[in-house]
Amino acid sequence: MNEHDAIARIKRLSHNINCADEIAEVIERLINERDEARREICHDTNGISPTMVAEDRGWDCFKENA
């Protein structure tokens, strides 16, 4: 591999890392939005514990770090 190929490869890898960071941020944002929407649904139930509704649906939207 010559110097130009090495530089081109480093630039491609750098771009991929930046894209991966952006993708991770989008995924985290979408997970947070999903969990918030689930919490809203759970709180909108009549007389049933929101946590119980979440458990019945298999949702983990009331986890400690949510």
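See the structure shown above.
First things first, this report covers the structure right here in the doc. (Residues numbered from 1 in each chain as written. Predicted model: local features only at pLDDT ≥ 70, side-chain atom pairs only at ≥ 80, totals over all residues. Heavy atoms only, no water.)

Turning next to the overall build of the protein. Counting its secondary structure elements, the protein contains two helices and zero strands. Relative to the compact-globule value of 11 Å for 66 residues, the protein shows a C-alpha radius of gyration of 21 Å, a clear excess of over 25%. When the backbone C-alpha atoms are referred to their principal axes, the protein occupies close to 70 × 15 × 15 Å. Expressed as a percentage of the 66 residues in the protein, the buried residues total 11%. Of the charged side chains in the protein, 9 are positive and 15 negative, and the gap between their average positions amounts to 6 Å. (Helix = DSSP H or I, 4+ residues; strand = E, 2+ residues; numbered from the N terminus. Rg over C-alpha atoms; globule rule 2.2 N^0.38 Å. Buried < 20%, exposed > 50% of the residue type's maximum accessible area, 1.4 Å probe, protein only. Lys, Arg positive; Asp, Glu negative; His and termini not counted. Charge placed at Lys NZ, Arg CZ, Asp CG, Glu CD.)

In this structure, D35 sits in helix α1 (residues 3-43). On the basis of relative accessibility, which here comes to 3%, the residue D35 falls in the buried class. Engagement of the side chain of D35 in a polar contact is seen with the side chain of R34, the distance being 2.9 Å. (Polar contact = N/O pair within 3.5 Å; in protein donor to acceptor, adjacent residues only side chain to side chain.)

As a further point, take α1. Counted at 1.5 Å a residue, the expected span for α1 with its 41 residues is 60 Å, and the 60 Å between its end C-alpha atoms agrees. What α1 keeps buried is the set D35, R39 and C42. Tucked inside the fold, the buried residues of α1 contact α2 (50-57). (Expected span 1.5 Å × (residues − 1). Contact = heavy atoms within 4.5 Å.)

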